[in-house]
Amino acid sequence: MEWIKIGLAKGRLLEEEIKLLRNIGVDCSVLTSKSRQLVFEIPENNLQVVMLKAPDVPTYVEHGIVDMGIVGKDVLLEQEKQLYEVVDLRLGKCRLSVAGKDGDTMEGKKHLRVATKYPNIAKRYFAEKVQSVEIIKQEGSVELAPILGLSDVILDIVETGNTLRANGLIVMEDVMEISARLVLNKVSYKTKKDMVRKLIERINTEVDKQS
Ligand code: PRP
Ligand code: MG
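So, here is what we can say about the structure in this document. The structure presented is a predicted model; accordingly, all values stated were derived computationally and were not measured. (Residues numbered from 1 in each chain as written. Chains lettered and ligands numbered in written order. Predicted model: local features only at pLDDT ≥ 70, side-chain atom pairs only at ≥ 80, totals over all residues. Heavy atoms only, no water.)

## Re the pattern of salt bridges
When their charged atoms lie close together, side chains carrying opposite charge are able to pair.
Right, so step 1: Using the criterion set out here, one finds 12 salt bridges in the structure.
Right, so step 2: Between Asp-208 and Arg-90 there is a salt bridge, and its shortest N-O distance comes to 3.8 Å. One end of the pair, Asp-208, is in helix α8 (residues 193–210); the other, Arg-90, is in the loop between β5 (84–88) and β6 (94–101), with 118 residues separating them in the sequence.
Right, so step 3: Among the salt bridges present, the one from Asp-152 reaches Arg-113, with a minimum N-O distance of 3.1 Å. On the criterion of sequence distance, the pair formed by Asp-152 in the loop between α5 (144–148) and β9 (153–158) and Arg-113 in strand β7 (residues 111–116) is long-range, its members being 39 residues apart.
Right, so step 4: In this structure, a network of salt bridges that share partners links the residues Lys-73, Glu-85, Asp-88 and Arg-181. (Salt bridge = Lys/Arg side-chain N within 4 Å of Asp/Glu carboxyl O. Helix = DSSP H or I, 4+ residues; strand = E, 2+ residues; numbered from the N terminus.)

Here you go:
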């Protein structure tokens, strides 16, 4: 049997990803179990589902370990991997923003310290804006950095704004809108053309229906 392998980003996006698959007719009952299992087979749909950390999705897709994947545009912009971005799924909508302490300003700062999980995006964004920028790579809880004095500002995802508010931070500049994307391995697009195309079509139809 020929399988289509799809990598899903674990975390806050996962529920919406599974809902999308369910809506296009995939039997997702095995996926909703709370097990620690990471690879699932859904033979009725010729689908193998792999649960990945979001930043690993592009790597698995680029190497062809999975044929396709679902991951946020933020991760794609940070990594710039060799793959096809085929559908804006309009899920997991949020913004990438620069934030800092309420009352602080970036105006007139010659040297700006930026804490972020997105060093490449930050480097590109601030390149033309400030004379000198120091990027401090973080793995999470980025909001701590300006509060504790590690950085002047952060560049991070803002969804509800709750995390910023709870930590006395405000948005200073919006960088861009973010949403989840369906990405495709370049070889799979040729070797599994029919299966891949059909799946993309069903996903496209569903995305249009939702918006
Ligand atoms: C994300 C992001 C922000 C927060 C935004 O963090 O980095 O901190 O969510 O969401 P909100 O605007 O709705 O509060 P996450 O919870 O994924 O944790 P981490 O940064 O520690 O990985
Ligand atoms: Mg966070």
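## Details of the side chain of Asn-185
Right, so step 1: In this fold, Asn-185 is placed in the loop between β11 (180–184) and α7 (188–191).
Right, so step 2: Setting aside residues no more than four positions away along its own chain, Asn-185 makes contact with Val-61, Glu-62, His-63, Gly-64, Val-66, Asp-67 and Tyr-84. (Contact = heavy atoms within 4.5 Å.)

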